[in-house]
Each structure stands twice: as structure tokens, then as C-alpha cells.
Amino acid sequence: MEIAVAIKLIAVALLIGFGAIGTALGFGNMGGKFLEACARQPELAPQLQVKMFILAGLIDAVAMIGVGIAMYMLFAL
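Conventions used here
- Residues numbered from 1 in each chain as written.
- Predicted model: local features only at pLDDT ≥ 70, side-chain atom pairs only at ≥ 80, totals over all residues.
- Heavy atoms only, no water.
- Helix = DSSP H or I, 4+ residues; strand = E, 2+ residues; numbered from the N terminus.
- Rg over C-alpha atoms; globule rule 2.2 N^0.38 Å.
- Buried < 20%, exposed > 50% of the residue type's maximum accessible area, 1.4 Å probe, protein only.
- Contact = heavy atoms within 4.5 Å.
- Areas by Shrake-Rupley, 256 points an atom, 1.4 Å probe, with all protein chains shown as cover.
- UniProt positions renumbered as here; feature names shortened; annotations may be inferred.
- Expected span 1.5 Å × (residues − 1).
- Core = buried A, V, L, I, M, F, W, Y, C linked by side-chain atoms within 4.5 Å.

(A) Quick look at the overall build of the protein. When its secondary structure is counted, the protein shows two helices and zero strands. Computed over C-alpha atoms, the radius of gyration of the protein comes to 18 Å, more than 25% over the 11 Å expected from 2.2 N^0.38 for 77 residues, which places it beyond the range of a compact globule. Over its C-alpha atoms, taken along the principal directions, the protein stretches across nearly 60 × 15 × 5 Å. Counting all 77 residues of the protein, 13% fall into the buried class. Considering only residue pairs separated by 6 or more positions, the protein has 76% of its internal contacts joining residues 24 or more positions apart. When the accessible area of the protein is evaluated, it comes to approximately 5,700 Å², of which 77% is carbon and sulfur surface.

Listed below in C-alpha cells is the structure:
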């Protein structure tokens, strides 16, 4: 029984960790592309900024869903 608990804790740690890494990579990539686009066409910066913030919320939501699944696995299973 103790091995099952250890495997569950490792799975939860990996789920949260990979979610955080994916979110960080997504934000970094998106921010870099946003700055490149604003440097190329400054007149489109306000429109691009709105789209960037919408995507930031979606990227963050995916990570929070992963945290929710991890908490479910930790406490309910």
C-alpha cells in the first residue's frame, strides 16, 4: 500500500511540475512573438496586446486544470 501512495505522490508532482514548465515555455514564447510583432508593425500593438492577454488567460487555465486534476488525484483517489 505504501508503494501505491508513493507512486501517486510522484504522479501528482510530475503533473504539477510539467504544467508549470509548459506554462512558462508558453508565456515566454508568446511574449517573444508579441514583441517581435510589435517591432515589425507598431500600429497593430493594441490589437495584438488584447489577443496576447486572452491567450495568457487560456494558457494559465490549462495549468490550473492540471493542478485541479492533481489535487483530485491526491485527495480523492
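(B) Quick look at the environment of Phe34. Its place among the elements puts Phe34 in helix 1 (residues 2-40). It is 9.6 Å that separates the C-alpha atoms of Phe34 and Lys51, two residues lying 17 residues apart in sequence. If we skip the residues at most four places from it in the chain, Phe34 touches Ala45, Leu48, Gln49 and Met52.

(C) Focus on the UniProt feature "domain: V-ATPase proteolipid subunit C-like" (unreviewed entry) in the protein. Per the UniProt entry, the sites bearing "domain: V-ATPase proteolipid subunit C-like" (unreviewed entry) are residues 10-73 in this numbering. Structurally, residues 10-73 is divided into 94% helix and 0% strand, and its ends, taken at the C-alpha atoms, are 11 Å apart.

(D) Helix 1, seen in detail. With 39 residues, helix 1 ought to run about 57 Å at 1.5 Å a step, and its terminal C-alpha atoms sit 57 Å apart, in line with that. Those residues of helix 1 lying buried are Val12, Thr23, Met30, Phe34 and Cys38. Those residues of helix 1 hidden inside the fold are in contact with helix 2 (45-75).

(E) Main features of the nonpolar core. Counting residues in hydrophobic clusters, the biggest one holds five residues: Met30, Phe34, Cys38, Met52 and Ala56. Contributions of two or more residues to this core are made by helix 1 and helix 2. Top contributing element to this core by residue count: helix 1, with three residues.

(F) Structural context of the UniProt feature "transmembrane region" (unreviewed entry) in the protein. This chain's UniProt record puts "transmembrane region" (unreviewed entry) on residues 6-31 and 52-75. Here residues 6-31 is 100% helix and 0% strand, with 37 Å between the C-alpha atoms at its ends. Span residues 52-75 is 100% helix and 0% strand, its end C-alpha atoms 35 Å apart.

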